[in-house]
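Chain by chain, the residues:
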Amino acid sequence: MIRNPIQWPNGAQCACAITFDMDADSLIHISRPADSHDRLYPISMGKYGPEIAVPRILQSYERLGLKQSFFVPGWCIEQYPDAVESMLKHGHEVGHHGYLHEDPVRHSNDEQAEWFGKAMDAHKRVVGNVPKGYRAPVYNINQGVFDLLLEYDFEYDSSLMGDDIPYLLEYRDQQLVEMPVHWGTDDWPPFAHYEEIGYMMPVKGPTDGLQPFWEEFDAHYEAGGFFHCIWHPFLTGRLARWRKVETWLENTLVEKNVWFAPLRDIARHVRSWAQDNPVRTEQLPYYSEPPLTTATTTARS
Ligand SMILES: [Zn+2]
């Protein structure tokens, strides 16, 4: 089912990463800058992440012996240092996720470089090291951001959807590992309802909302793949949903032969596996200009 499968450490049948993007209330501040400070309900919905859900998630991970990855915007690192310090204390990875959850494609490359650098400063000051992994807010990475990832010596990106399992990206004669995402394992579709940012979805119950993720796991487990969830503490960290996830984790760890690890560790494994084995590689950029521009120019000439 998967061409060029990757062999995982210790004979594990599937690599697994439950990643959390701790966006907190950055979402309302970036989308409604004029009056976000006085929109109390969305602020409280976001704050639930670092203040209620993250401690709950970390407690489960500690009990189950799991180390995982969190992606945190720089502003959230500054605003919620206790949550970030708890992640670090328990050995989890904290990756780069913009400064205030700004969408890269809505900014010039120069503006983006400034946001990106501000987030790097927050990592250095509070996290105490530089991140090696990046996930673009709303997955909207562009080539300007890839330039920054190379400039700051990142090891992997986790914003693209080009494969089921990790693959390599070649850009400007350098390589990054891509840890692919997709909407089928993102908790925004089943659980987010956020009128202020134009996201109106019928919220699913815990069992219905989580079921598609478990089906994704089953397929990856059978194929020897990579089960990768992209979740948010203020969504999947809510009480009833996390209770279901915790039960699934307990059962999976006992019944299945899986490798749960931070994305950084999985990316490093892929890079070393690629030295002696075929790993699919994509070249960037995909296009040097929009196809419509070329078509229009050709039609005119
Ligand atoms: Zn996010």
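Residues numbered from 1 in each chain as written. Predicted model: local features only at pLDDT ≥ 70, side-chain atom pairs only at ≥ 80, totals over all residues. Heavy atoms only, no water.

Some remarks on the pattern of salt bridges
Between side chains of opposite charge, pairing is possible as soon as their charged atoms come close.
Reasoning step 1: Within the structure shown, the criterion is met by 12 salt bridges.
Reasoning step 2: Between Asp 103 and Arg 106 there is a salt bridge whose closest N-O contact spans 3.4 Å.
Reasoning step 3: According to the relative accessible area criterion, Arg 106 is exposed, its value standing at 69%.
Reasoning step 4: Among the ionic pairs, Arg 280 bridges to Asp 163, the shortest N-O distance being 2.7 Å. (Salt bridge = Lys/Arg side-chain N within 4 Å of Asp/Glu carboxyl O. Buried < 20%, exposed > 50% of the residue type's maximum accessible area, 1.4 Å probe, protein only.)

Notes on the packing of helix α2 (residues 40-64) against helix α10 (residues 239-255)
Reasoning step 1: Following both chains from N to C, one finds α2 and α10 inclined at 15 degrees, their axes separated by 11 Å at the closest point. Here α2 lies roughly parallel to α10, going by the angle between them. Of the two elements, α2 crosses α10, and the hand of that crossing is right-handed. For the pair α2 and α10, the contacting residues are Tyr 48, Arg 56, Ile 57, Ser 60, Tyr 61, Arg 63 and Leu 64 in the first and Leu 239, Trp 242, Glu 246, Leu 249, Glu 250 and Leu 253 in the second. (Axes fitted to C-alpha atoms, helices over the stretch in contact; angles between N-to-C directions. Helix = DSSP H or I, 4+ residues; strand = E, 2+ residues; numbered from the N terminus. Parallel < 35°, antiparallel > 145°, perpendicular 65-115°, else oblique. Left-handed = near helix turned anticlockwise from the far one by under 90°. Contact = heavy atoms within 4.5 Å.)

What to know about the coordination of the zinc ion
Reasoning step 1: Around the zinc ion, the protein contributes the donor atoms Asp 23 (OD), Asp 23 (OD), His 97 (NE2) and His 101 (NE2), which lie 2.1 to 2.5 Å from the metal centre.
Reasoning step 2: Around the zinc ion, the 4 donor atoms are arranged such that angles at the metal cover 54 to 135 degrees; this shape is classified as irregular. (Donors = N, O, S within 2.8 Å, 3.2 Å for Na, K, Ca; no water. Tetrahedral: all angles 85-135°; square planar, octahedral: opposite > 155°, others 65-115°.)

A word on the environment of Ala 12
Reasoning step 1: Here Ala 12 lies in the segment before β1 (14-21).
Reasoning step 2: Taking the C-alpha atoms as reference points, Ala 12 and Arg 241, separated by 229 residues in sequence, lie 27 Å from one another.
Reasoning step 3: Once residues lying within four places of it in the same chain are set aside, the contact partners of Ala 12 are Asn 257, Val 258 and Trp 259.

A word on the packing of helix α8 (residues 206-223) against α10
Reasoning step 1: Running from N to C, α8 and α10 point in directions that differ by 30 degrees, and their axes come no closer than 10 Å. Judged by the inter-axis angle, α8 sits roughly parallel to α10. As α8 runs across α10, the sense of the crossing is right-handed. Along the contact surface, α8 presents Pro 206, Thr 207, Leu 210, Trp 214 and Phe 217, while α10 presents Ala 240, Arg 241, Lys 244, Val 245, Trp 248 and Thr 252.
Reasoning step 2: Taken together, the residues of the contact of α8 with α10 sort by class into 7 nonpolar, 2 polar and 2 charged. (Nonpolar A, V, L, I, M, F, W, Y, C, P; charged D, E, K, R; others polar.)

A closer look at the packing of aromatic side chains
Reasoning step 1: Counted under the stated rule, the structure contains 22 aromatic pairs.
Reasoning step 2: Between the aromatic rings of Phe 116 and Tyr 134, the centroid separation amounts to 5.6 Å while the plane-to-plane angle is 40 degrees, which identifies the pairing as tilted. Taken together, the residues span a long stretch of sequence, with Phe 116 in helix α5 (residues 109-127) and Tyr 134 in strand β4 (residues 133-134) at a distance of 18 residues. Across this residue pair, the class does not change: Phe 116 and Tyr 134 are buried.
Reasoning step 3: Measuring from centroid to centroid gives 5.3 Å for Phe 213 and Trp 231, while their planes differ by 45 degrees, and the two rings are tilted. Of this pair, Phe 213 sits in helix α8 while Trp 231 sits in strand β8 (residues 226-231), and the two are 18 residues apart along the sequence. With respect to burial, Phe 213 and Trp 231 carry one shared label: buried. (Phe/Tyr/Trp six-rings, centres within 6.5 Å; stacked < 30°, edge-to-face > 60°.)

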